[in-house]
Amino acid sequence: MQFKSIILSIALSVACVSAQDDGAGFFFKCDAPGTVALTFDDGPSDFTPELLTTLKTAEIPATFFVLGKSINAGQGKAALKAAFDAGHQIALHSNTHADMNTLTAKAIQSEYELNIKAVEDTIGVRPKMARPPYGNCNANCAKVLTGTMGLSIIQWNCDSNDWQYEGKVNEYGKVYTNMEAIINPSNPKTDSFITLQHDIKDYSVQMTPKIIDMIKAKGYQFVTVEQCLSGKIPAYDGKAAATKAPAQTTAKAPLKAPQPEAQPETPSETPKIVEGPAPENEVPVANAEEKSDKVVANSAEKLSSIFGFTLIGLISGLLMY
């Protein structure tokens, strides 16, 4: 009976994890073993300058998946320009952090056209890489982003889960230990990672120096996502890839990104606004009741595709034992 309870607990824990969507044009890790791309979502924010200082001190690059509404708020434009001028890669994360799996194709395109416009108006480039909020990008979303808009979708395989610890001071250390649990057992000769943190979380930004030291100690080299993918996908529209994946040695200073000539597009529709930038795994606040059935169904579909009926059969057999 005790063994049955353990199996049930494991199954329920797995069921509560929302998987990221996958498909052609989706990327979860770097091409070259021994490389790590640090990525930060939902900014720029008031905490981004502190993070830029940390990255400058460590002499490593990062990639920022930015929101249009964050760029246009407060000191967002100045922080974005500072990140770009320091040589970090800038990528897209939508305009309002809406769940793409709940939007029409027209609304999805508008979300990212507004996102592109906010970036280009600030730093003069049109990013070619995007990350959907919550990792949610079903076939409808992928058709728009990779098909219509020609964007590459960047997911992740090392999650800090920092969004879970807002206001839980005693649990801030889990931002580090969550990543350590993935990096420490890994092998730089065979493994590579795209990490996920949020520069709207001050405690996650403050944990970054320790995270960098831990990853360095394992022998990994830090790269931008463009370098992570061996330069086969350019960071920005209108130019060829700026860099290739560097050799697996110590971390290098980031390289300045190229300036494209393309002009911003006019958005076709203004999407519904989701109040406040919510991180990947957190359920959006706006229209939560209307979206809940779709999100639950989507999570169930993902779980079924991963585990099939094997896990269910195992649990049923054990319960009947």
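Above: the structure in question.
Residues numbered from 1 in each chain as written. Predicted model: local features only at pLDDT ≥ 70, side-chain atom pairs only at ≥ 80, totals over all residues. Heavy atoms only, no water.

Caption draft 1: Spatial organisation of the overall build of the chain. Summing up its helical and strand segments, the chain has 11 helices and 10 strands in all. Across the 321 residues that make up the chain, the buried fraction comes to 50%. A sequence separation of at least 24 residues applies to 78% of the contacts in the chain between residues at least 6 apart. When the accessible area of the chain is evaluated, it comes to approximately 14,400 Å², of which 57% is carbon and sulfur surface. (Helix = DSSP H or I, 4+ residues; strand = E, 2+ residues; numbered from the N terminus. Buried < 20%, exposed > 50% of the residue type's maximum accessible area, 1.4 Å probe, protein only. Contact = heavy atoms within 4.5 Å. Areas by Shrake-Rupley, 256 points an atom, 1.4 Å probe, with all protein chains shown as cover.)

Caption draft 2: Quick look at the packing of aromatic side chains. Under the defined criterion, the tally for this structure stands at 4 aromatic pairs. Geometrically, the ring pair formed by tyrosine 172 and tyrosine 203 is stacked, given 4.2 Å between the ring centres and 10 degrees between the ring planes. Separated by 31 residues along the polypeptide, tyrosine 172 in the loop between strand E8 (158–159) and helix H7 (174–183) and tyrosine 203 in helix H8 (residues 202–217) bring together distant segments of the chain. For tyrosine 203, a relative accessible area of 2% translates into the label buried. It is arginine 131 that lies over the ring of phenylalanine 65; its NZ or CZ is 4.1 Å from the centre. Directly above the ring of tyrosine 176 sits lysine 210, whose terminal nitrogen or CZ lies 4.3 Å from the centroid. (Phe/Tyr/Trp six-rings, centres within 6.5 Å; stacked < 30°, edge-to-face > 60°. Lys NZ or Arg CZ within 6 Å of the ring centre and 35° of its normal.)

Caption draft 3: Here's a closer look at the packing of helix H5 (residues 105–123) against helix H6 (residues 139–148). Relative orientation of the contacting elements H5 and H6 amounts to 50 degrees, with a least axis distance of 9 Å. Here H6 runs oblique to H5, going by the angle between their axes. Between H5 and H6 the crossing geometry is right-handed. Contact with H5, carried on its side by Ala105, Ile108, Gln109 and Tyr112, involves Asn140, Cys141, Val144, Leu145 and Thr148 of H6 and no other residues of that element. Grouping the amino acids of the contact of H5 with H6 by side-chain chemistry returns 6 nonpolar, 3 polar and no charged. (Axes fitted to C-alpha atoms, helices over the stretch in contact; angles between N-to-C directions. Parallel < 35°, antiparallel > 145°, perpendicular 65-115°, else oblique. Left-handed = near helix turned anticlockwise from the far one by under 90°. Nonpolar A, V, L, I, M, F, W, Y, C, P; charged D, E, K, R; others polar.)

Caption draft 4: Layout of helix H2 (residues 48–58). Taken as a whole, H2 has its buried residues at Thr48, Leu51, Leu52, Thr54, Leu55 and Ala58. Projected onto a plane normal to the axis of H2, the buried residues spread over an arc of 160 degrees and lie on a single side. Exposed and facing more than 90 degrees away from the buried side of H2 are Lys56 and Thr57. Here the buried face of H2 lies against strand E3 (39–41), strand E4 (63–66), helix H4 (76–85) and H8. One or two positions beyond H2, positive phi appears at glutamate 59, with a value near 55 degrees. (Arc of directions from axis to C-beta.)

Caption draft 5: Broad picture of the state of the cysteines. Summed over all chains, the structure comprises 2 disulfides. Across the disulfide, cysteine 30 is cross-linked to cysteine 228 (sulfur-sulfur distance 2.2 Å). Because the sign of the S-S torsion sets the handedness, a value of about -110 degrees for the bond joining cysteine 30 and cysteine 228 places this disulfide among the left-handed ones. Residue cysteine 30 is found in the loop between strand E1 (26–27) and strand E2 (35–37), and its partner cysteine 228 is found in helix H9 (residues 225–228); the two are separated by 198 residues along the sequence. Taking the relative accessible area as the measure of exposure, cysteine 30 reaches 3% and is therefore buried. By relative accessible area, cysteine 228 is classed as buried at 1%. Across a sulfur-sulfur distance of 2.0 Å, cysteine 137 and cysteine 141 are joined as a disulfide pair. What sets the handedness of the cysteine 137 and cysteine 141 disulfide is the S-S torsion sign, and at about -95 degrees it is left-handed. (Disulfide = S-S within 2.5 Å.)

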